[in-house]
Amino acid sequence: MSTLLWGALPYIVFALLVSGLVWRYRYDRFGWTTRSSEIYESRLLNVASPMFHYGILFVLVGHLMGLFVPASWTDALGLSEHGYHLLSLFGGTITGLLAVAGIGMLVYRRRTNSAVFRATTRNDKLMYVVLVGAIVAGLVTKLMHSSLSHGYDYRATIAPWARSLFRLHPDVGLMDGVPVSYQVHAVIGMVLFALIPFTRLVHMFSAPVQYLFRPYIVYRSRGSRELPGAPPPRGWEGVGS
């Protein structure tokens, strides 16, 4: 079981993530969207959506820092182990609670607004359950194994295991003594990543880069302002109307 969870499952999840993204882009490109429901209700969405997105963004940054920034690097920056622990405890708790509050409001909105609820797929319902489970499990785990003076040093076990995955030589033995709550949180997190390509979470891999380079949208002709004989500027070409 240890080999399956910490040696095989991460690569299975990565394969599902990559192949799922490729499949979604090739065969469901127009479905690669958040399926925004702002047209049905915007008052609650304008509060809940920023709360969730900012919360989950800082949670993700905290995880990346905790897993992939060695303790020697933070020591070199002058951040002591106790200082890092307090930053992780208070920063993680605050951002986690912000994300939970935001997604709680989003789920309430989706469940109480009939038009929004009808636009929710089965995959999205499963995604909400797993996403909430991952965030709550992380909060509970952090608070269970932390106090103001000390906490579980995951940078000595979980972080080296995570980095060993990139060397294609996972050190599964590092996870043997990890508290069960941390293991449960890690498994739920991996399941969440496997679900990303098949839910609205796929939009996290999108960025409107093309908007930086697209021409202006023409709503009316420039008419007589164009110089005689001069080619029209980019974006003002005639469309035959």
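Just above, that's the structure.
(A) Summary view of the side chain of Arg109. With respect to the helices, strands and loops of the structure, Arg109 is situated in helix H4 (residues 81–112). Reaching out from Arg109, the side chain makes a polar contact with the backbone oxygen of Ser37 at a distance of 2.9 Å. The contacts of Arg109, once residues within four sequence positions are left out, are Ser37, Glu38, Glu41, Leu44, Leu45 and Val116.

(B) Quick peek at the packing of aromatic side chains. Taken as a whole and judged by the stated rule, the model has six aromatic pairs. Ring plane angle 35° and centroid distance 6.4 Å describe the contact between Tyr154 and Tyr182, whose orientation is recorded as tilted. Placement of Tyr154 in the loop between helix H6 (122–144) and helix H7 (158–165) and of Tyr182 in helix H8 (residues 180–195) is noted, with a sequence separation of 28 residues between them. Of the two residues examined, Tyr154 and Tyr182, each falls in the buried class. Members of the aromatic cluster, connected to one another through ring pairs, are Tyr152, Tyr154 and Tyr182. Geometry around Phe117 places Arg111 over its ring, the cationic atom sitting 4.4 Å from the centre. The ring of Tyr84 has Arg155 lying over it, and the distance from NZ or CZ to the ring centre is 3.6 Å.

(C) Layout of a nonpolar patch on the surface. A cluster of nonpolar side chains, contributed by Tyr54, Leu57, Phe58, Val61 and Leu98, occupies part of the molecular surface with about 480 Å² of accessible area. Assignment of secondary structure puts Val61 in helix H2 (residues 45–68). By relative accessible area, Val61 is classed as partly exposed at 44%.

(D) Looking closely at the nonpolar core. Grouped together as the largest cluster of nonpolar side chains are 20 residues, with contacts concentrated most on Phe52, Leu131 and Leu192. Those elements that place two or more of their residues in this core are helix H1 (2–27), H2, H4, H6 and H8. It is H6 that contributes the most residues to this core, six residues altogether. Excluding anything up to four places from it in sequence, Phe52 contacts Leu98, Ala99, Gly102, Ile103, Leu106, Leu131 and Ile135. Listed in part, the 14 residues of the second largest apolar core include Tyr84, Trp161, Leu165 and Ala194.

(E) Representation of the environment of Gly189 in the model. Relative to the helices and strands, Gly189 resides in helix H8. On the accessibility criterion, Gly189 (18% relative accessible area) is buried. Distance from Gly189 to Ser2, taken between C-alpha atoms, is 17 Å for residues 187 residues apart in sequence.

(F) Spotlight on the environment of Met127. As for its position among the elements, Met127 is in helix H6. Judged by its relative accessible area of 2%, Met127 falls in the buried class. Linking Met127 and Met65, residues 62 residues apart in sequence, is a C-alpha distance of 25 Å.

(G) The packing of H6 against H8, seen in detail. Where H6 meets H8, the axes come as close as 9 Å, and the angle between the chain directions of the two elements is 155°. On the basis of the axis angle, H6 is roughly antiparallel to H8. In the packing of H6 onto H8, the handedness of the crossing is left-handed. Here Leu126, Met127, Val130, Leu131, Gly133, Ala134, Ala137, Gly138, Thr141, Lys142 and Met144 of H6 come into contact with H8, specifically with Ser181, Tyr182, His185, Ile188, Val191, Leu192 and Leu195.

(H) Spatial organisation of the layout of surface pockets. In this structure, the second largest pocket occupies an estimated 370 Å³ of space. For the second largest pocket, the lining is made up of 19 residues, of which Thr34, Ser49, His53, Leu106 and Arg200 are closest to its centre. Put simply, the parts of the chain that give the lining of the second largest pocket at least two residues each are H2, H4 and H6. Here the residues of the lining of the second largest pocket are counted per class, giving eight nonpolar, six polar and five charged.

Rules used throughout
- Residues numbered from 1 in each chain as written.
- Predicted model: local features only at pLDDT ≥ 70, side-chain atom pairs only at ≥ 80, totals over all residues.
- Heavy atoms only, no water.
- Helix = DSSP H or I, 4+ residues; strand = E, 2+ residues; numbered from the N terminus.
- Polar contact = N/O pair within 3.5 Å; in protein donor to acceptor, adjacent residues only side chain to side chain.
- Contact = heavy atoms within 4.5 Å.
- Phe/Tyr/Trp six-rings, centres within 6.5 Å; stacked < 30°, edge-to-face > 60°.
- Buried < 20%, exposed > 50% of the residue type's maximum accessible area, 1.4 Å probe, protein only.
- Lys NZ or Arg CZ within 6 Å of the ring centre and 35° of its normal.
- Patch = residues over 30% accessible without salt bridge, like charges linked within 9 Å, V, L, I, M, F, W, Y side chains within 5 Å.
- Areas by Shrake-Rupley, 256 points an atom, 1.4 Å probe, with all protein chains shown as cover.
- Salt bridge = Lys/Arg side-chain N within 4 Å of Asp/Glu carboxyl O.
- Core = buried A, V, L, I, M, F, W, Y, C linked by side-chain atoms within 4.5 Å.
- Axes fitted to C-alpha atoms, helices over the stretch in contact; angles between N-to-C directions.
- Parallel < 35°, antiparallel > 145°, perpendicular 65-115°, else oblique.
- Left-handed = near helix turned anticlockwise from the far one by under 90°.
- 1 Å grid on protein atoms, 1.4 Å probe; cavity = no way out; pocket = protein on both sides within 12 Å on 5 of 7 lines; lining within 4 Å.
- Points joined across faces, edges and corners; volume = space filled by probe spheres on them.
- Nonpolar A, V, L, I, M, F, W, Y, C, P; charged D, E, K, R; others polar.

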